[in-house]
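# Summary of structural features
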Amino acid sequence: MQTITTVVIGAGHAGLAMSKYLGDRSIEHVVLERGEVANTWKTERWDSLRLLTPNWQSRLPGYAYEGDEPDGYRDMPETIALIERYADLVAAPVQTQTRVTCVEKNATGYRVSTTRGEWQCRSVVMASGAFNKASVPAFADQLPASIAMLTPTTYRNPGQLEQGGVLVVGAAATGLQLAREIHLSGRPVTLSIGEHTRVPRRYRGRDIQWWMDKTGRHDESFEQVDDIVRARKVPSFQLIGSAEHEIIDLNALRDIGIRQIGRFVGMQNGKGLFAGSLHNLCDLADLKMNRLLDAIDAWITDNGLDQAVEPPRRFPPTQVDPSPPLCIDFHTSDIRTVLWATGFRPDYSWLKVPVFDHKGQIRHNGGVIEDAPGLYVMGLPFLRRRKSTLLDGAGDDARELSGHLLSYLQG
Amino acid sequence: MNMETGNSIDNGVNVDALVGARSALTDAPEAARFTWRATCEWKNGTHTYSTVEKFFGLGGEQQHKTRFGFDADHPEIFASEDNGATPVEYVLVGLASCLTGGIATIAQYRNIQLRSVIATVEGDMDLQGILGIDSDVRNGYDGIRVSYKIDADASDDDIRALVAQSQKRSAVYDMLTSPTNVTVVVE
């Protein structure tokens, strides 16, 4: 058993940013990593994925982008290289190939068991990510065995899929990106659409993320926002990071021939059932996008920048078929594969401290787990601010949480 | 009077009570389990008389202020006596009243004064389904359209957002757009 002040779990950008601040505050710590630095990016993401935030926005404590493509979007090798360089830059004490198997509370703090020994510590920061497991609805096991099923953590590229139709379920960034590349590979895609968040890639000459940053929306605090429970469940922006800065939305997918149907709500006798509420979901997303654009326009006017940027515009409403199909018979349809892009969830199966609510989620107050003093969590949606899950969000959260952690230690 | 903002928007909805109920039920999810009930008695021909009075919720038996009764029948063109609305029309009534009540509630919450809200609902049905003429035709509506005329102190987009949010939170809209398990037994 080794003894240390703080154990950080996960050597992605969040764990490394935390390590940087713990080091600055002279808090002795180790960063335990189940695989290699940036493991999720290396092993659990599809080939074509690029970050949804521009390069200039990949800011970490003590690091800012210095390349010559500030408006580009990192692909996976570039993202991995960034995180590896950052680990070296901050000289993070990372112990790789060390999977945490159990975190328990005891008289002096926490005992962290791993595949490579045990640690006794006073505090633990869980930075293992919010996107460890693909969420798949319970009725997925009622699909006929002849249908192949994939999730974004097992999907790599269209070459993995049989020829024939593909049902992509989910219309956040992941679902839209995968629907498009699979459809363009010659496998006709049907897209099942639930609640989604539509935004243009660029607006008034700037990246939408630039406006989110400048107008302060990314920095909005969990204590300011109206309904934090709801804010934490908002689906990711419908975006793709590409050299052309193109818009990926339901209209763009419709234009290339992707068939669009409502939310996948259940299975009955081998038939998939889809909700008849697609029109309203699209209306909601259009209205919400326009409210965001209104807010950006107002900010531009308030700051006297109307002449400095492109004029305002509005995008065409989402086109929806008058009567999208409500049912797919998987025994007779051409669909060979179902890809569940229905979200991700964190994996805290190793956490044996009673800090979960009735839905199995960690109860926390901006990352501070009040039921278990000394225990902290990072990287969850809207943990402390809207940008908490972004690379760019780890720095501020780590600074504040490490400050809280220091006060706790000095207690 | 909205206590939070101190302004005088009044759609007759007690938002503070609703916000209080939401908060209380978040902490006590078991009290949020409700069971709604109706009884229906056959009269003659296709004429039935239904009543609603009691329901279960907030952990106990509850009761309306009075017992409500509903005659249902079919029109004379079906050789019925037309003693009441058809059951499928009651479904339209349920949908429209659910959405409209929701609009008033959300408007109150968003500080929007309503002056008038009128919904027109139409459901399309091919009788070849219920008459068993063509087994490819479903029994129920193959489409329902709701059209709102709303006069309120709000922009067009704000009014559209009210109507969209009301659909998002409506029980009847959910039941009609997503499948529901229905179990019928004989005692």
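Residues numbered from 1 in each chain as written. Chains lettered and ligands numbered in written order. Predicted model: local features only at pLDDT ≥ 70, side-chain atom pairs only at ≥ 80, totals over all residues. Heavy atoms only, no water.

## A look at the overall build of chain A
- Assigned secondary structure in chain A consists of nine helices and 19 strands.
- Its C-alpha atoms give chain A a radius of gyration of 22 Å, within 12% of the compact-globule value 22 Å for 411 residues.
- Along the three orthogonal principal directions, the C-alpha set of chain A runs to about 65 × 60 × 40 Å.
- Burial status across chain A gives 54% buried among its 411 residues.
- For chain A, contacts bridging at least 24 residues in sequence account for 70% of all contacts bridging at least 6.
- When the accessible surface of chain A is summed, it comes to about 17,600 Å², and 48% of that surface belongs to carbon and sulfur atoms.
- Positive and negative charge centroids in chain A, built from 46 and 49 side chains respectively, lie 3 Å apart. (Helix = DSSP H or I, 4+ residues; strand = E, 2+ residues; numbered from the N terminus. Rg over C-alpha atoms; globule rule 2.2 N^0.38 Å. Buried < 20%, exposed > 50% of the residue type's maximum accessible area, 1.4 Å probe, protein only. Contact = heavy atoms within 4.5 Å. Areas by Shrake-Rupley, 256 points an atom, 1.4 Å probe, with all protein chains shown as cover. Lys, Arg positive; Asp, Glu negative; His and termini not counted. Charge placed at Lys NZ, Arg CZ, Asp CG, Glu CD.)

## Quick notes on the interface of chain A and chain B
- Contacts between the two partners involve 17 residues from chain A and, on the opposite side, 14 residues from chain B.
- Carbon and sulfur atoms make up 51% of the surface buried where chain A meets chain B, a total of about 1,300 Å² over both sides.
- When residues of chain A are sorted by the area they lose upon contact with chain B, Arg230, Asn280 and Leu287 of chain A head the list and together hold 36% of the total.
- Where chain A packs against chain B, one counts two salt bridges.
- Among the ionic pairs, glutamate 195 of chain A bridges to lysine 168 of chain B, the shortest N-O distance being 3.2 Å. (Buried area = accessible area lost by both parts, 1.4 Å probe. Salt bridge = Lys/Arg side-chain N within 4 Å of Asp/Glu carboxyl O.)

## Focus on the domain arrangement of chain A
All names here are of chain A.
- Segmentation of chain A into domains returns domain 1 (2-132 + 346-410) and domain 2 (136-340).
- Computed over C-alpha atoms, the centres of domain 1 and domain 2 are 28 Å apart.
- Each partner contributes residues to the interface: domain 1 has 31 residues there, and domain 2 has 31 residues.
- For the pairing of domain 1 and domain 2, the buried interface totals around 2,500 Å² over both sides, and the portion due to carbon and sulfur atoms is 51%.
- When residues of domain 1 are sorted by the area they lose upon contact with domain 2, Trp46, Leu52 and Arg386 head the list and together hold 28% of the total.
- Taken together, the connections running from domain 1 to domain 2 amount to three salt bridges.
- Notably, a salt bridge pairs lysine 387 with aspartate 219, separated by 2.8 Å at the nearest N-O pair.
- Taken together, the connections running from domain 1 to domain 2 amount to 19 residue pairs in polar contact (both at pLDDT 80 or more). (Domains from an automatic or database assignment. Polar contact = N/O pair within 3.5 Å; in protein donor to acceptor, adjacent residues only side chain to side chain.)

## Details of the packing of aromatic side chains
Residues and elements named next belong to chain A.
- The full count for this structure, using the stated rule, is 14 aromatic pairs over all chains.
- Among the aromatic side chains, those forming a connected cluster through ring pairs are Phe139, Phe264, Phe274, Phe330 and Trp340.
- Over the ring of tryptophan 210 we find arginine 206, and its NZ or CZ is 4.2 Å from the ring centre. (Phe/Tyr/Trp six-rings, centres within 6.5 Å; stacked < 30°, edge-to-face > 60°. Lys NZ or Arg CZ within 6 Å of the ring centre and 35° of its normal.)

## Section: helix α3 (residues 156-169) of chain B
- Here α3 of chain B contains 14 residues, and its C-alpha end-to-end distance of 20 Å stays within 8% of the 20 Å for a straight helix at 1.5 Å per residue.
- Those residues of α3 of chain B not exposed but buried are Ile159, Ala161, Leu162, Val163, Ala164, Gln165, Ser166 and Gln167 of chain B.
- Those residues of α3 of chain B hidden inside the fold are in contact with α6 (228-231) and α8 (278-302) of chain A together with α2 (87-109), β5 (114-124), β6 (143-152) and α4 (171-177) of chain B. (Expected span 1.5 Å × (residues − 1).)

## Here's the deal with the sheet that holds strand β17 (residues 335-340) of chain A
All names here are of chain A.
- The five strands are arranged β8-β17-β9-β10-β13 in an open sheet whose pairing can be described as parallel. One side of each edge strand has no neighbouring strand; the edge strands of this open sheet are β8 (148-150) and β13 (259-261). Across this sheet, the average inter-strand angle for adjacent strands is 20 degrees, counted without regard to direction.
- Where strand β10 (residues 189-192) meets β13, three bridges bridge the pair, whose relative direction is parallel. (Pairing = 2+ DSSP bridges. Axes fitted to C-alpha atoms, helices over the stretch in contact; angles between N-to-C directions.)

## Description of the sheet that holds strand β16 (residues 327-329) of chain A
All names here are of chain A.
- With antiparallel pairing, the three strands of this open sheet are ordered in space as β14-β15-β16. If you trace the sheet from one side to the other, it starts and ends with β14 (264-268) and β16, each paired once. Neighbour-to-neighbour, the strand axes of the sheet open up by a mean angle of 20 degrees, direction not taken into account.
- Note: β14 against strand β15 (residues 271-274), four bridges, orientation antiparallel. Within β15, the residue paired with glycine 266 across the bridge is leucine 273.

## Some remarks on empty space enclosed by the protein
Residue and element names in this part refer to chain A.
- If you walk through the whole model with that rule in mind, you get one cavity of 30 Å³ or more.
- Along the walls of the largest cavity sit Gly262, Ala275, Gly276, Ser277, Leu278, His279, Pro324 and Leu326, which together make up its complete lining.
- Grouping the constituent residues of the lining of the largest cavity by class yields four nonpolar, four polar and no charged. (1 Å grid on protein atoms, 1.4 Å probe; cavity = no way out; pocket = protein on both sides within 12 Å on 5 of 7 lines; lining within 4 Å. Points joined across faces, edges and corners; volume = space filled by probe spheres on them. Nonpolar A, V, L, I, M, F, W, Y, C, P; charged D, E, K, R; others polar.)

## Notes on the packing of helix α1 (residues 13-24) of chain A against helix α3 (residues 76-89) of chain A
Residue and element names in this part refer to chain A.
- Put simply, α1 and α3 touch, their axes get as near as 10 Å, and they point 15 degrees apart. It follows that α1 is roughly parallel to α3 by the angle criterion. When you trace α1 past α3, the crossing you get is left-handed. Counted together, His13, Leu16, Ala17 and Lys20 of α1 and Ile83, Tyr86 and Ala87 of α3 form the full contact between these two elements. (Parallel < 35°, antiparallel > 145°, perpendicular 65-115°, else oblique. Left-handed = near helix turned anticlockwise from the far one by under 90°.)

## Observations regarding a negative patch on the surface
- On the surface, Asp68, Glu69, Asp71 and Glu78 of chain A cluster together to form a negatively charged patch.
- Tracing the backbone through its elements, the reader meets aspartate 68 of chain A in the loop between α2 (39-43) and α3. (Patch = residues over 30% accessible without salt bridge, like charges linked within 9 Å, V, L, I, M, F, W, Y side chains within 5 Å.)

## With respect to the pattern of salt bridges
All names here are of chain A.
- Under the criterion given, the structure shown has 33 salt bridges over all chains.
- Taking the shortest distance from any N to any O, the salt bridge between arginine 59 and aspartate 213 comes out at 3.0 Å. Placement of the pair is arginine 59 in the loop between α2 and α3 and aspartate 213 in helix α5 (residues 208-214), with a sequence separation of 154 residues.
- Overall, arginine 59 belongs to the partly exposed group, its relative accessible area being 29%.
- When the shortest N-O distance is used, the salt bridge between aspartate 371 and arginine 363 registers 2.9 Å.
- Residues joined in a network through salt bridges with shared partners are Asp219, Arg384, Arg385, Lys387, Asp396, Asp397, Arg399 and Glu400.

## Regarding the domain arrangement of chain B
Residues and elements named next belong to chain B.
- For chain B, the assigned domains read domain 1 (1-30 + 86-177) and domain 2 (33-84).
- A C-alpha centroid distance of 21 Å is found between domain 1 and domain 2.
- Summing both sides of the interface, domain 1 and domain 2 together bury roughly 580 Å²; the carbon and sulfur share of this comes to 66%.
- On the domain 1 side of the contact with domain 2, Glu30, Thr86 and Tyr90 bury the most area, a combined 64% of that side's loss.
- At the junction of domain 1 and domain 2, the tally comes to two residue pairs in polar contact (both at pLDDT 80 or more).
- When its residues are assigned to classes, the side of domain 1 that touches domain 2 shows five nonpolar, one polar and one charged.

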